[in-house]
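# Secondary and tertiary structure notes
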Amino acid sequence: MGRLRILTAGESHGQQLTGILEGMPAGLSLIAERDIDPVLLERQKGYGRGRRQQIEHDTAIILSGVRNGVTTGAPIALSIQNKDWVHWKERMSVEPFRSEVQAVTIPRPGHADLAGAIKYGHASDLRNVFERASARETAMRVALGAIANTLLRALDFESISFVAAIGGIAGEADTIEDIFNARQIISVSPVRMLSPDAERRAIEKIDQAKSNGDTLGGIVACMIRNVPAGIGSHVQWDRKLDGLLAQAVMSIQAVKGVEIGAGFHASHRFGSEVHDGIGTHDGTISRTRNNSGGIEGGMSTGEPIVLRAAMKPISTLMQPLGSVDLSTGESTKAHIERSDVCAVPALAVIVEQVVALTMASELLETMGGDTMTELRERIKIRRARYSLEILRNDLAQP
Ligand code: EPS
């Protein structure tokens with residue numbers, strides 16, 4: 001569902017990542033160095049990343065769909081070059097190998113290696129699976145998502161993401177206002193956390209994991225405010241905004257849980273403690289709180305969208321778990337491949353862009369509009385419907 005169509009291609013150590021985004025309106029100012037590259041840089045940051053991030057300096061090349069710095073309405077094609085490819089040319093050769101290339105035959109528990117080998121018949125070389133399963137793919141989803149976020153920003157939406165916990169060490173803020181006000185703190189924190197105390201303890205825990213040859217996961221949060229009500233729909237299962245967001249976020253590598261609003265905590269409480277009272281303020285509808293995370297009945301309520309995602313620890317361990325060598329059938333330790341110790345700060349950036357893709361897609365589905373001007377006008381009409389007077393007039397129409 002939704003109006004945007006997104007495709008990515010590319011292997012972690014292949015020549016480049018490729019992406020196509022179709023369905024964007026015409027008339028959006030879009031410049032890669034201004035709108036995409038700074039977000040790609042944010043994704044590469046974060047304490048606990050491995051050596052690969054020192055090799056890559058991700059920048060997006062816009063190949064189509066933009067002319068003179070403005071979208072035309074045509075599909076937008078992007079490329080991100082893998083700088084590391086020069087070291088992998090023979091091992092990742094598209095043409096038949098010219099020399100012997102060492103195969104990987106010992107799957108890592110937690111990775112796509114084993115299931116992918118069984119599914120695609122790649123037991124003789126698991127690299128055919130994990131080069132594509134790699135979270136390197138998220139660089140392209142972030143680039144495409146940064147375009148969606150540029151659209152949302154042009155329509156006065158405001159989004160933010162941060163790390164709520166790493167390895168069980170949590171640091172949250174009291175209100176959404178506090179979180180948006182902490183933008184600078186989040187962006188300079190090596191772990192994208194709000195609290196300096198949690199940050200210090202999370203860094204210690206990452207160091208501990210690293211020295212033990214282990215890895216860590218965590219929880220990230222993403223919020224978007226100034227969202228007009230009624231994006232998504234209650235009328236069919238595959239048009240529900242919460243379902244679409246959950247699918248998009250759950251598809252990010254290593255994500256094992258997605259929560260909207262009070263989520264799992266709401267299940268411990270009485271209904272009276274959970275649901276968000278309806279009132280009025282200056283003649284417009286208002287809500288007493290936002291436990292719904294800005295979504296009721298699969299539609300945006302006009303309150304901020306609040307989403308959290310849980311990431312499992314990265315599956316490549318330097319002190320590996322037990323596995324089986326698929327070429328000999330013998331029990332052994334899992335394959336070791338250069339990797340990260342903790343990529344939770346990167347996940348926050350990825351979630352924010354993936355959420356932007358879904359929100360932009362559903363916004364365009366709901367509002368229509370082939371140009372930015374049309375879209376702006378339609379959103380203005382929708383926002384006016386918070387007014388009780390306009391709502392009542394709507395009811396009076398036959
Ligand atoms: C990844 C392994 C590491 C990560 C990679 C994801 O790559 P490498 O094996 O080259 O060291 O750095 O993530 C990225 C390259 C990235 O840009 O996020 C994996 O196995 O999923």
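An account of the accompanying structure is given in this report. Since this is a predicted model, take the numbers as computed values, not measurements.

## A short note on the sheet that holds strand β7 (residues 158-166)
If you walk across this open sheet you meet the five strands as β8-β7-β9-β15-β10, and the pairing is antiparallel. Edge positions in the open sheet fall to β8 (169-170) and β10 (255-260), since each of these has one partner strand only. In terms of strand pairing, β7 meets strand β9 (residues 218-225) through eight bridges, oriented antiparallel. Among the inter-strand pairings, isoleucine 160 is bridged to a residue of β9, identified as methionine 223.

## Looking at the site of the ligand
Around the ligand, the structure places His13, Arg43, Arg49, Arg52, Gln53, His111, Ser134, Ala135, Arg136, Arg338, Ser339 and Asp340. One of the side-chain nitrogen or oxygen atoms of arginine 43 is found 2.6 Å away from an oxygen atom of the ligand. A distance of 3.4 Å is found between an oxygen atom of the ligand and a side-chain nitrogen or oxygen belonging to aspartate 340. In isolation the ligand has 470 Å² of accessible area, and contact with the protein removes 92% of it. Looking at the shell around the ligand residue by residue, the class counts come to one nonpolar, five polar and six charged.

## Points about the layout of surface pockets
It is the rolling of a water-molecule-sized probe over the atoms that shows where space remains empty. The volume enclosed by the second largest pocket comes to roughly 570 Å³. What lines the second largest pocket is a set of 18 residues, among which Ala229, Ile285, Ser300, Thr301 and Tyr386 lie closest to the centre. Mapped onto the lining of the second largest pocket, the elements with two or more residues apiece are β11 (278-281), β12 (284-287) and β14 (299-300). With four residues, β12 is the single largest residue contributor to the lining of the second largest pocket.

Reading the values: the criteria
- Residues numbered from 1 in each chain as written.
- Predicted model: local features only at pLDDT ≥ 70, side-chain atom pairs only at ≥ 80, totals over all residues.
- Heavy atoms only, no water.
- Pairing = 2+ DSSP bridges.
- Helix = DSSP H or I, 4+ residues; strand = E, 2+ residues; numbered from the N terminus.
- Near = heavy atom within 4 Å.
- Polar contact = N/O pair within 3.5 Å; in protein donor to acceptor, adjacent residues only side chain to side chain.
- Areas by Shrake-Rupley, 256 points an atom, 1.4 Å probe, with all protein chains shown as cover.
- Nonpolar A, V, L, I, M, F, W, Y, C, P; charged D, E, K, R; others polar.
- 1 Å grid on protein atoms, 1.4 Å probe; cavity = no way out; pocket = protein on both sides within 12 Å on 5 of 7 lines; lining within 4 Å.
- Points joined across faces, edges and corners; volume = space filled by probe spheres on them.

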